[in-house]
Amino acid sequence: MSARATLSIDLEKITANTRRVVAALGGLHVVGVTKVTCGTPEVGRAMLAGGAQALGESRLENVARLRAAGITSPIWLLRSPTPAQAAETVRLTDVSLESELETVLALERACVEAGRRHGVIAMVDLGDLREGLLPADLPGFAAAVEGLEHVELAGIGVNLTCYGAVRPTARNLGELATLAAQIERRLGRRLAFVSGGNSSSIALTIAGGMPAAISNLRIGETILLGVDTLTRDPTLGLHLDAFVVAAPVIECRVKPSLPTGETAQDAFGNRPTFVDRGRRRRAICALGRQDAPPDGLMPVDPRVEVLGASSDHLILDVEALEPPPRLGDLIAFVPTYGATLQLSTSPYVDTSFVHSAGLTPKIVARSTPSIEEE
Ligand SMILES: *Cc1c(COP(=O)(O)O)cnc(C)c1O
């Protein structure tokens with residue numbers, strides 16, 4: 001049993017979630033996005049097994065990890081590379097999302113050198129204010145890409161609900177459809193992909209409001225965590241616990257719920273407030289803000305309450321746990337997207353793959369016997 005915090009990933013739940021999302025999207029081409037797991041190959045394979053037709057990644061290091069594991073499916077690079085990364089982009093990925101002609105010209109040169117072809121999705125900003133050309137600039141950009149010999153204009157796309165929290169609607173995605181029609185007329189051919197966004201576009205699609213021209217979505221969070229990203233409510237009856245992090249208890253003692261003494265700032269410059277609930281049993285787990293934000297950890301056992309965390313200590317109220325946890329026992333949490341991202345990135349957290357049918361233990365396991373037992 002690991003003495004370190006461990007992120008358990010249930011690959012069967014990821015495959016089942018992918019299958020259900022793909023079915024609900026009724027024929028849309030789905031790119032399964034693995035970036036929150038830093039390009040974990042097992043997760044990519046689980047998405048492909050569930051019917052994702054390509055994988056999406058935002059960092060070339062993660063793509064290299066997928067390729068090194070032998071994944072040969074199409075991979076889309078979701079974050080534009082710099083021109084200097086053109087050769088690596090062309091070597092590792094099939095399609096990239098682009099909004100700068102200078103980068104696309106570097107991709108063209110890299111294609112010539114490598115004797116390869118590469119697809120570009122021209123990104124348009126429809127209000128969310130992350131990547132993309134303003135709509136008026138898109139047709140000219142698309143025509144310039146179309147004029148290249150080795151880089152192909154694979155389509156156009158939009159990203160929403162990431163920075164500006166702008167919802168996908170029949171209106172903004174209708175604008176994407178109109179732009180696609182305009183570009184297709186000008187080029188005299190159909191675009192392979194009209195990419196209508198990420199997980200936040202699923203609800204509109206299910207409700208029947210997605211314009212018919214939209215042919216692709218790029219989906220990460222809903223497949224992996226089972227929630228609608230507009231509300232973070234469960235959706236489509238998906239598994240909500242494909243990811244569970246468990247951390248060992250290093251202290252469990254009864255203490256007052258109010259700090260004693262004059263207070264100043266905490267370790268992070270905040271002035272925390274406390275409610276006096278009397279003396280309560282508290283546990284400390286070996287997991288901290290260096291690994292995950294404490295408000296992104298939902299205890300699997302509802303009797304456990306997260307009180308807060310410092311860099312390396314997660315402080316829990318376990319008054320309601322009977323019997324109380326022992327040292328080394330693991331306490332399990334379902335992480336939010338932000339916490340999953342950080343847990344995947346933390347070098348202090350181990351990853352393990354579980355093959356369970358609905359097994360999410362309250363306290364996952366006991367560690368080695370405690371000293372009293374020896
Ligand atoms: C991260 C990302 C996605 C996937 O977003 P989810 O909300 O996880 O579905 C799709 N497209 C782009 C451009 C992204 O950066």
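Residues numbered from 1 in each chain as written. Predicted model: local features only at pLDDT ≥ 70, side-chain atom pairs only at ≥ 80, totals over all residues. Heavy atoms only, no water.

**Looking at the site of the ligand**
Contacts to the ligand come from 14 residues, most closely from Lys35, Arg130, Ser199, Gly220 and Glu221. Asn159 is positioned such that a nitrogen or oxygen atom in its side chain is 3.4 Å from a nitrogen atom of the ligand. Here the ligand, which alone exposes 380 Å², has 94% of that area covered by the protein. For the shell around the ligand, the class distribution of residues is five nonpolar, four polar and five charged. (Near = heavy atom within 4 Å. Polar contact = N/O pair within 3.5 Å; in protein donor to acceptor, adjacent residues only side chain to side chain. Areas by Shrake-Rupley, 256 points an atom, 1.4 Å probe, with all protein chains shown as cover. Nonpolar A, V, L, I, M, F, W, Y, C, P; charged D, E, K, R; others polar.)

**Points about the confidence of the model for the protein chain**
Looking at the protein chain, the pLDDT average stands at 94 and 94% of residues meet or exceed 70. Averaged pLDDT values over the elements of the protein chain bottom out at 95 in strand β18 (residues 350-354) and peak at 99 in strand β4 (residues 75-77). For the stretch residues 358-374, pLDDT sits under 50, and the model shows 31 contacts to residues farther than four places along the chain or on other chains. (pLDDT = per-residue confidence, 0-100. Helix = DSSP H or I, 4+ residues; strand = E, 2+ residues; numbered from the N terminus. Contact = heavy atoms within 4.5 Å.)

**Notes on the environment of Cys252**
Considering the arrangement of structural elements, one finds Cys252 in strand β12 (residues 243-256). Between the alpha carbons of Cys252 and Ala52 there is a distance of 45 Å; along the sequence they are 200 residues apart. Setting aside residues no more than four positions away along its own chain, Cys252 makes contact with Arg281, Arg282, Ala283, Val318, Pro324, Pro325 and Leu327.

**A short note on the domain arrangement of the protein chain**
Split by domain assignment, the protein chain resolves into domain 1 (10-230) and domain 2 (243-364). Using only C-alpha atoms to locate each centre, domain 1 and domain 2 end up separated by 36 Å. Facing the 14 residues of domain 1 at the interface are 14 residues of domain 2. Of all residues in domain 1, Asp10, Val36 and Leu225 bury the most surface against domain 2, accounting for 41% of the area lost on that side. Linking domain 1 with domain 2 are zero salt bridges, by the criterion used here. For the pair domain 1 and domain 2, the number of links is one residue pair in polar contact (both at pLDDT 80 or more). (Domains from an automatic or database assignment. Buried area = accessible area lost by both parts, 1.4 Å probe. Salt bridge = Lys/Arg side-chain N within 4 Å of Asp/Glu carboxyl O.)

**Quick notes on the packing of aromatic side chains**
Aromatic rings in a pair are described by how distant their centres are and how their planes are angled relative to each other. The tally for this structure, following the rule as stated, stands at one aromatic pair. When the centroid spacing of 5.0 Å and the interplanar angle of 75 degrees are considered together, the rings of Trp76 and Phe193 count as edge-to-face. In this pair, Trp76 sits in strand β4 while Phe193 sits in strand β8 (residues 193-195), placing the two residues 117 residues apart along the sequence. A single burial state applies to Trp76 and to Phe193, both of which are buried. Lying over the aromatic face of Phe268, Arg289 brings its terminal NZ or CZ to 5.0 Å of the ring centre. (Phe/Tyr/Trp six-rings, centres within 6.5 Å; stacked < 30°, edge-to-face > 60°. Buried < 20%, exposed > 50% of the residue type's maximum accessible area, 1.4 Å probe, protein only. Lys NZ or Arg CZ within 6 Å of the ring centre and 35° of its normal.)

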